[in-house]
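Observations on the model geometry
Each chain, written out:
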Number of protein chains: 2
Amino acid sequence: VVESWSFLDTVESNFTPLVVIELAKGTKEETIEWFTKRIVDKKANGGAQLLVKPLVMENGVENIYLVGASHLRLLLGAETVGLVKECSDNSMRTFTYSSRKTFKDFADDNHNFLTMAECQYIIKHELENLRAKNEKMIPGYPQAKLYPGKSIVRRLLTSGILVQIFPLHDREELKKLRHRWYGRVKVGYQPLDDIRCYFGETIALYFGFLEYFTFALIPMAVIGIPYYVFAWEDYDKYVMFATFNLLWSTVILEVWKRICAILTYRWGTLLMKRQFEEPRPGFHGVLGINPVTGREEPVYSSLKRQLRIYLVSLPFVCLCLYFSLYVMMIYFDLEQWALDYHKENESNFSSLMLYVPSIIYAVVIEIMNRIYRYAAEFLTSWENHRLESSYQNHLILKVLVFNFLNCFASLFYIAFVLFDMKLLRQSLATLLITSQILNQFAESLLPYWLQKRYNRRMKKRMCSQKTDRDLSIAEQVNMEKEMGTYLGTFDDYLELFLQFGYVSLFSCVYPLAAVFAVLNNITEIYSDALKMCRVYKRPFAEPTANIGVWQLAFETMSVISVVTNCILIGMSPQVDALFPDSKMDLVLTVALVEHLLLAIKFIMAFVIPDKPRDIQMKLAKLEFESLEALKQQVRAFQMQL
Amino acid sequence: VVESWSFLDTVESNFTPLVVIELAKGTKEETIEWFTKRIVDKKANGGAQLLVKPLVMENGVENIYLVGASHLRLLLGAETVGLVKECSDNSMRTFTYSSRKTFKDFADDNHNFLTMAECQYIIKHELENLRAKNEKMIPGYPQAKLYPGKSIVRRLLTSGILVQIFPLHDREELKKLRHRWYGRVKVGYQPLDDIRCYFGETIALYFGFLEYFTFALIPMAVIGIPYYVFAWEDYDKYVMFATFNLLWSTVILEVWKRICAILTYRWGTLLMKRQFEEPRPGFHGVLGINPVTGREEPVYSSLKRQLRIYLVSLPFVCLCLYFSLYVMMIYFDLEQWALDYHKENESNFSSLMLYVPSIIYAVVIEIMNRIYRYAAEFLTSWENHRLESSYQNHLILKVLVFNFLNCFASLFYIAFVLFDMKLLRQSLATLLITSQILNQFAESLLPYWLQKRYNRRMKKRMCSQKTDRDLSIAEQVNMEKEMGTYLGTFDDYLELFLQFGYVSLFSCVYPLAAVFAVLNNITEIYSDALKMCRVYKRPFAEPTANIGVWQLAFETMSVISVVTNCILIGMSPQVDALFPDSKMDLVLTVALVEHLLLAIKFIMAFVIPDKPRDIQMKLAKLEFESLEALKQQVRAFQMQL
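Residues numbered from 1 in each chain as written. Chains lettered and ligands numbered in written order. Predicted model: local features only at pLDDT ≥ 70, side-chain atom pairs only at ≥ 80, totals over all residues. Heavy atoms only, no water.

**Overview of the sheet that holds strand 1 (residues 19-23) of chain A**
All names here are of chain A. Threshold: Any two strands between which DSSP finds at least two bridges are classified as paired. Secondary structure counts use DSSP, requiring at least four H or I residues in a row for a helix and at least two E residues in a row for a strand, with both numbered from the N terminus. Here, axes are lines fitted to C-alpha atoms. For helices the fit covers the stretch in contact, and angles between N-to-C directions go from 0 to 180 degrees. Any pair of residues with heavy atoms lying within 4.5 Å of one another is described as a contacting pair.
Judged by pairing direction, the sheet is antiparallel, and its four strands sit side by side in the order 2-3-1-8 without closing on themselves. A single partner strand is all that each edge strand has here, and the edge strands are strand 2 (51-54) and strand 8 (162-167). Taken pair by pair, the neighbouring strands of this sheet meet at an average axis angle of 20 degrees, ignoring direction. Bridge count for strand 1 against strand 3 (residues 64-68) is four bridges, and the pairing is antiparallel. Counterpart to V20 in the pairing with strand 3 is L66. Set on the sheet, helix 3 (residues 116-128) makes contact with strand 1, strand 3 and strand 8; between it and strand 1 the angle comes to about 40 degrees.

Below is the structure:
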């Protein structure tokens, strides 16, 4: 095994392990030698110029390697990935090694200038950009083909030689973070900046959104409580509530964009340039020339992909939607059956039975959602999208459409076909509460409990009474490599999206929904935090400037909720009574109000600037400076003539 | 008068006049001397390094100066303004002097590499960026204050010392262009690339849009003709027509974005970087520090501006809207009176009288639109916006809202309050045709006739029988400086916007509207071309990548037209007859269809990509190259270490 140290590291006395590479057991010696050599090799030779150390386990098996890098290497890497850091004059600028002295807290001996998460992100980026030179295959594995420019790590992953790459937890820091985040029984904001330092921007932004959304729901919840307490059934009050809700939901989504801009400006990701997107690991095809880059890479016909999407995926999704509606009809049969049963033998038991169909249906919905999720992932990956972003968009679209119909179809049916407001309220409450409980359990508590049990067993096996802090690196790696992998914020956002639907679509018949949402979100913050800190491996930090397609999804939901609420109010007996002569006038009035509300919504979205004024100014200043610098260059050149 | 030639021009044997500067008569000698010195001075001394020649007139008065530049100077200027030109490998790239050899048609002795319009644009840019150094005022005019960094030309213009700056026509080229454009009686596309070369991108894009829009209307017109010929009154046919119209209008607006991308990619403006926006000439305030640039410049409190907008402009606009509605009510009184008169004494004259109120109203609308336009300009300029773009946005918003209400309020009233479809059709036809005739006359034919008369008188005065071609520079300048100034594409787009409203808002009651629109647009192309070539001074070229806010305006109009057409169809007796039992069902069905159509519209707008695939690829390629270049730089730097 190679243990060479590249020339950059002569000044480096101690090696800090940052990232763990786990190879498959029994990987051939020549493969390991070649791979580690490529990692430590000089940039000029096409290497990553990082540091590698094998981890010798008790049983003598050497399949785990620790990767680190010298301080200088990390700084150069920070420039490569385009990290944005704060300067001494409080402005945010793209970090370059040559201008390093102008950055806040920079000192040649300050190894904390880059956070550990940033260092790990840099190492991940460098490893993923380690590309094949003239190798035709991975040494020792002739079936694992390579071509010039192919990412070595991605090929190792897809051919199963590389089991996983993950960043190490920092036990000290994690303990501090846990304490600040949920250790104290104190009401307050989450330490978003600390979360961002430890877990990166994508996760911090999710927690920021979750917190913001919870705060934003509080006014709705507060206004909703008296409706329950005093059993207000007057529809003029409901009209007020619904109108407030509709405008409020527009405002909160617009304001979130501004808060998001403030957060990501502070974190530097708002200014980060988009990197050129490489093909996703799973993408396959015949070798050809990419017309954009001019490089050799797999090419897959766009027509074939379109055929797969429209002839297979689309019909499959439609089938699933049909199946979901079929299940819904079964639920209504059950509901009818329970009602009949209750009428025949009226008892405490039978009135409890009334809730059973809804609960069963809620559980079935959750199960169907999860199964469909796997199918959607399989199909989308089979569609063979070249870019990760296009894969994600197709996956999210598939999942959102199905989840929306699956969760809300029964409510739409009850509201607009059966016209049964009492049943609607009961169904809504049961669905909302059941799905929240199921989610909390399945997402956080169950994995936490499993993890805890596993940890206890591990410690026992190691026959030691050591606390976490005293664990050696080997023990720590051994523990962490068995932890679950956090698969990204998709499920968490989806949960919030559906919750937003429950709260806003039928808000005027069940004002208490917001109260439950707030309560759920408060516990959700804690259980998600627990999940991040205790259950999962540390995830790699992912820089991001916004919540992406979810913003659009939430906005679409709020447009749909304008329509549903207007119809619900129009159907109410009180509003009906206002137009005793002509039902026409009623419908026309409702339609007019709906169009006005929609127009107001769009105008508000247009008028409220997406970025606060001071952020706009700071961005303008940076743009001005770069334009000026360019002009200076041209001028200097002209003067030479 | 200074006639110095800067050192760049020693190789230049002949001076080509490009731009004319007209100073006020009796401008002080010292001012002229200072101004011309600044123009010819070296860049290093803060000059513009251009060439200036006084034009000696017959009467010996010297207040007109011709500005030119050496070939080298123009190439360097092309780099400064960020011109994008075609390379030898057919890709479009930002021109830089150092990479000049890679560009198509470049040769050191090819003075046609830059078009004359581009040269004039460069000179305008250089003149406008001629900034005060330490001058506290314009020499000779103590009341015309200057401060470091203030654009000299803008101050000269606002203080009236500089009367105008305009580019010279190229008589040869213009004649060729005229011939190709409208000289031949041949149906075909306009020579957009030639128009772009001569007049610049903004004007070429307007003519491109006009042509595209005319072609796009042809299907509507063709489908509309049989409705008139066979007097189809069946509403099921109208439903088909309206549905086709609604989807068609969405498609054409989306497809325009793609065509626009193709055109502007070919012209290079799609890739041009936005320049930093300087304050507009009319902007005034107390001297302060601009927080973005850190430069000294006038500052005006945003609060004051907001107060002016909301406390003065907004009420004024509302008042105008009210007045417009008041005039509309008078029109309805007149209409009633004409109808009564017709009933009392039925004759040919009285039936002709029926059209009189509409015609008068159409004329009044045109007059009101024009008066309001001046008021809006005055108010918006009084609001003292710092940037030209913000000024334009506020002006366009004011004008659009008023014009929309002024033109269409009576039609809305007839359709949705009076429910009189016959009157609606008659009104629509009269308004549309009258406004088209008025516009053609007021915009093109009248100025053309005036200009022709003036030219004849001028020539007579010069006592010469020369043709245009033989005119000396002095005579040409003298002729052109008296021509009208083209004020931009605003009025032309506004006319198209209102026409689009007439065609789409009530298309299902008057299918012939599209026919008139097509006929009008064909003559419009010719009269606008005539106007550009014969009536006005040559305008400065303005690079642009799209039609800007007008895209949004047209899209909004097409959303409104979905609503109006659905209501109109819902009100028709035939559709009414389909729901004999329940008017409720009718209204609900109409509302459902409307929502579906709107949803389809938004999904279509979302699904159709804004840029064709090959343009996307070319843009991706450029982005990839610039990212690669950056990476190479970083790598080269790392290897040095």
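Having seen the model, we can carry on.
**Points about helix 5 (residues 171-183) of chain A**
All names here are of chain A. Quick reminder of the rule: To estimate how far a helix should extend, the number of its residues minus one is multiplied by 1.5 Å. Think of it in three bands: with a 1.4 Å probe and only protein chains considered, a residue is buried below 20% of the maximum accessible area for its type, exposed above 50%, and partly exposed in between. The arc in question is traced by the directions running from the helix axis to the C-beta atoms.
When the terminal C-alpha atoms of helix 5 are compared, their 15 Å separation across 13 residues is substantially less than the 18 Å that a helix rising 1.5 Å per residue should span. By the burial criterion, the buried members of helix 5 are L174, L177, R178, W181 and Y182. Seen end-on, helix 5 carries its buried residues on one side only, within an arc spanning 105 degrees. Those residues of helix 5 that are buried lie in contact with helix 6 (192-199), helix 7 (201-229) and helix 16 (513-535).

**Considerations on the sheet that holds strand 2 (residues 51-54) of chain B**
All names here are of chain B. Ordered in space as 2-3-1-8, the four strands form an open sheet in which the pairing is antiparallel. Either end of the sheet is taken by a strand with one partner, and the two such strands are strand 2 and strand 8 (162-167). Along the sheet, successive strands turn relative to each other by an average axial angle of 20 degrees, direction set aside. The sheet strands contacting helix 3 (residues 116-128) are strand 1 (19-23), strand 3 (64-68) and strand 8, and the helix crosses strand 1 at an angle near 40 degrees.

**Looking at the packing of aromatic side chains**
Convention followed: Classification of ring pairs rests on two measures: the distance between centres of Phe, Tyr or Trp rings, Trp counted by its six-membered ring, which must be within 6.5 Å, and the angle between planes, read as stacked under 30 degrees, edge-to-face over 60 and tilted in between. Two conditions define a charge sitting above a ring: the NZ of Lys or the CZ of Arg must be within 6 Å of the ring centre, and it must be within 35 degrees of the ring normal.
A complete count under the given rule lists 73 aromatic pairs over all chains for this structure. Ring centres 6.2 Å apart and planes at 50 degrees place the aromatic pair F404 of chain A and F412 of chain A in the tilted group. By relative accessible area, which is 23% here, F412 of chain A ends up partly exposed. Ring geometry for F412 of chain A versus F416 of chain A: centroids 5.9 Å apart, planes at 50 degrees, classification tilted. Taken together, the positions of F412 of chain A and F416 of chain A, both in helix 12 (residues 388-418) and four residues apart, correspond to about one turn of that helix. Across the ring face of W382 of chain A, the terminal group of R308 of chain A is positioned such that the distance to the ring centre comes to 4.3 Å. When the ring centre of F113 of chain B is taken as origin, the NZ or CZ atom of K85 of chain B, which lies over that ring, is 5.1 Å away.

**Brief notes about the pattern of salt bridges**
Which entries qualify depends on this criterion: Salt bridges are defined by distance alone: a side-chain nitrogen of Lys or Arg within 4 Å of a carboxyl oxygen of Asp or Glu.
Summed over all chains, the structure comprises 66 salt bridges over all chains. In this structure, K481 of chain B and E22 of chain B form a salt bridge, with 3.9 Å as the shortest nitrogen-oxygen distance. With K481 of chain B in the loop between helix 14 (473-480) and helix 15 (490-505) and E22 of chain B in strand 1, the pair connects residues that are 459 residues apart, well separated along the chain. The exposure class assigned to K481 of chain B is buried, which follows from its relative accessible area of 14%. A salt bridge links D614 of chain B to K618 of chain B; the shortest N-O distance between them is 3.9 Å. Here K618 of chain B and D614 of chain B lie together in helix 20 (residues 613-640), a separation of four residues that amounts to about one turn. Each of K85, E118, R196 and E201 of chain A takes part in salt bridges that share partners, so that together they form one network.

**A look at unusual backbone geometry**
Residue and element names in this part refer to chain A. Even without glycine at this site, N384 takes up a positive phi of about 60 degrees. Structurally, N384 is set in the loop between helix 11 (356-382) and helix 12. Assessed through its relative accessible area of 0%, N384 is described here as buried.

**Remarks on the packing of helix 7 (residues 201-229) of chain B against helix 15 of chain B**
Residue and element names in this part refer to chain B. Convention followed: Just so you know how the angles are binned, under 35 degrees is roughly parallel, over 145 roughly antiparallel, 65 to 115 roughly perpendicular, and the rest oblique. Helix crossings get a hand from a simple test, with the near helix turned counterclockwise from the far one by less than a right angle marking a left-handed crossing and a clockwise turn marking a right-handed one. Ten residues, namely Ala, Val, Leu, Ile, Met, Phe, Trp, Tyr, Cys and Pro, are considered nonpolar, four, namely Asp, Glu, Lys and Arg, are considered charged, and the remaining ones, Gly among them, are considered polar.
Their axes nearest at 11 Å, the elements helix 7 and helix 15 cross at an angle of 15 degrees. Classified by the interaxial angle, the pair formed by helix 7 and helix 15 is roughly parallel. Note that helix 7 runs across helix 15; the crossing there is left-handed. On helix 15, the residues that touch L205, Y206, F209, L210, F213, L217 and M220 of helix 7 are D492, Y493, L496, Q499, F500 and V503. A breakdown of the residues in the contact of helix 7 with helix 15 according to their chemical character gives eleven nonpolar, one polar and one charged.

**A closer look at the domain arrangement of chain A**
Residues and elements named next belong to chain A. Stated formally: Throughout, the edges of the domains are those of an automatic or database domain assignment. The term buried area refers to how much accessible surface (probe radius 1.4 Å) is lost by two components on association, counted for both of them together.
Taken domain by domain, chain A consists of domain 1 (19-168) and domain 2 (192-621). Between the C-alpha centres of domain 1 and domain 2 the distance comes to 35 Å. Counting from both sides, the interface comprises 32 residues of domain 1 and, opposite them, 32 residues of domain 2. Carbon and sulfur atoms supply 62% of the area that domain 1 and domain 2 bury against each other, a total of about 2800 Å² over both sides.

**As for the confidence of the model for chain A**
Residue and element names in this part refer to chain A. The line we're drawing: Per residue, pLDDT measures the predictor's confidence, with a range of 0 to 100.
Looking at chain A, the pLDDT average stands at 86 and 94% of residues meet or exceed 70. Here residues 1-11 is a poorly scored stretch, pLDDT under 50, and it has 23 contacts once near neighbours within four places are set aside; other chains count. For this predicted complex, the interface score ipTM comes out at 0.83, while the overall pTM is 0.88.

**Overview of the relation of the copies chain A and chain B**
Formally: Here the copies are superposed with least squares, the fitted atoms being C-alpha atoms of residues at a pLDDT of at least 70 in both.
Note on the copies: chain A fits chain B at an RMSD of 0.0 Å, the axial shift is 0.0 Å, and the rotation between them is 180 degrees. This pairing of chains is accounted for by a two-fold axis. For chain A, the minimum C-alpha distance to the rotation axis belongs to M584 of chain A and amounts to 2.9 Å. Most of the interface of chain A is mirrored in chain B, where 97% of its interface residues again form contacts.

**A word on the interface of chain A and chain B**
To keep it simple, the criterion reads: In the analysis that follows, any N or O atom pair within 3.5 Å is treated as a polar contact, provided that within protein one partner can donate a hydrogen and the other can accept it, and provided that, for residues neighboring in sequence, both atoms belong to side chains.
Counting residues at the interface gives 37 residues for chain A, matched by 36 residues for chain B. Where chain A packs against chain B, one counts two salt bridges. In this assembly, chain A and chain B are joined by four residue pairs in polar contact (both at pLDDT 80 or more). Of all the elements in the fold, those that place two or more residues in the side of chain A that touches chain B are helix 2 (71-81), helix 17 (549-571), helix 19 (583-607) and helix 20 (613-640) of chain A. Top contributing element to the side of chain A that touches chain B by residue count: helix 20 of chain A, with eleven residues. Here the residues of the side of chain A that touches chain B are counted per class, giving 21 nonpolar, seven polar and nine charged.

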